[in-house]
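The primary structure of each chain is shown beneath.
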Amino acid sequence: MEVPKSTKNEIMAALGKLLRTKRLDDITVTELVERCNISRQAFYYHFSDLYGVVDYGIQRYLEELQACTPEQWHEALERTLTLLRENRTLALNVYRAYERSYVEHDLRQWVTPLVEARVRMAAQKCGVTEDQTSFMIELLAQALASIVLSWVERGMPSSVVERLDDFDILVEGCLEYTMERLAQKNRKEPSSAGI
């Protein structure tokens, strides 16, 4: 996707270049605006701080991922993790600047659209409640986020693709079975289905 030229995108690109050699905590707004050849005022017009630039970049990427179909989730995730690994220094420099809970939140936000489309497709076939569907989305998104977070914490070894393949097999094998079991439960106990 071609990014239109804008000050926001230039700031984001300049920060990305700096993050290839420095941790986010070691970069200053002054250094960034000098690299972009803009004023501090221009920077603060677009962002409140450097974390805002990172958040902007993450949000832009999340928007691209939301365009994936349920069948494309594995490919999109693998492509993203490959991109992270190729830019490992940048990714780890950003990761180390954040609290773990913040990273976990962003990871769940990142993987939820990928998982949600697939879960909803399986749920439609079985007739489960919205609460049950939401629970499955949350459970699988949390599991996938944990796999990715663990991989990042270990320094991004290349073996994550095997883990994704295993996770995909697990989801493929269990999701429809679980949805059917939930639907059976709902048929037996219709009054407790929404709990």
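Criteria and cut-off values
- Residues numbered from 1 in each chain as written.
- Predicted model: local features only at pLDDT ≥ 70, side-chain atom pairs only at ≥ 80, totals over all residues.
- Heavy atoms only, no water.
- Axes fitted to C-alpha atoms, helices over the stretch in contact; angles between N-to-C directions.
- Helix = DSSP H or I, 4+ residues; strand = E, 2+ residues; numbered from the N terminus.
- Parallel < 35°, antiparallel > 145°, perpendicular 65-115°, else oblique.
- Left-handed = near helix turned anticlockwise from the far one by under 90°.
- Contact = heavy atoms within 4.5 Å.
- Nonpolar A, V, L, I, M, F, W, Y, C, P; charged D, E, K, R; others polar.
- pLDDT = per-residue confidence, 0-100.
- 1 Å grid on protein atoms, 1.4 Å probe; cavity = no way out; pocket = protein on both sides within 12 Å on 5 of 7 lines; lining within 4 Å.
- Points joined across faces, edges and corners; volume = space filled by probe spheres on them.
- Expected span 1.5 Å × (residues − 1).
- Bend = angle between axes of the 7 residues up to and from the residue.
- Buried < 20%, exposed > 50% of the residue type's maximum accessible area, 1.4 Å probe, protein only.

Colleague: Before we go on, may I ask you to explain the packing of helix α8 (residues 130-153) against helix α9 (residues 160-188) in this structure?
Modeller: To characterise two packed helices, one gives the angle between the axes of the helices and the distance between these axes. Between α8 and α9, the least distance of the axes is 11 Å, while the angle of their chain directions is 165 degrees. With respect to α9, the axis of α8 lies roughly antiparallel. As α8 packs across α9, the resulting crossing turns out to be right-handed. Of the residues in α9, those in contact with Q132, M136, L140, A143, L144, I147 and W151 of α8 are V160, R163, L164, F167, V171, L175, T178, M179, L182, K185 and N186. Its residues assigned to classes, the contact of α8 with α9 shows 13 nonpolar, three polar and two charged.

Colleague: Teacher, can you tell me more about the confidence of the model for the protein chain here?
Modeller: Predicted coordinates in areas of low pLDDT are best not read in detail. With 90% of its residues at a pLDDT of at least 70, the protein chain reaches an overall mean of 83. At the level of individual helices and strands, the protein chain shows its lowest average pLDDT in helix α5 (residues 73-86), which scores 79, and its highest in helix α2 (residues 29-36), which scores 95.

Colleague: What's the story with empty space enclosed by the protein in this structure? I'm lost.
Modeller: If a probe as big as a water molecule is rolled over the atoms, it shows which places are left empty. A full pass over the atoms with the stated rule returns one cavity of 30 Å³ or more. Its boundaries defined by the atoms lining it, the largest cavity holds a volume of some 50 Å³. Where the lining of the largest cavity is concerned, the elements lending two or more residues are α7 (100-126) and α9. Partitioning the lining of the largest cavity into residue classes produces eight nonpolar, no polar and one charged.

Colleague: Looking at this structure, I do not really get α7. What am I missing?
Modeller: Residue pairs spaced three or four apart in an α-helix point in one direction, given the helix's 3.6 residues per turn. Over its 27 residues, α7 extends 36 Å from the first C-alpha to the last, a length consistent with the 39 Å expected when each residue adds 1.5 Å. When the local axis directions of α7 are compared, the greatest deviation, roughly 40 degrees, occurs at T112, which is followed within four positions by the proline P113. Considered for burial, the residues of α7 that qualify are V103, D106, L107, W110, V111, L114, V115, R118, V119, A122, A123 and C126.

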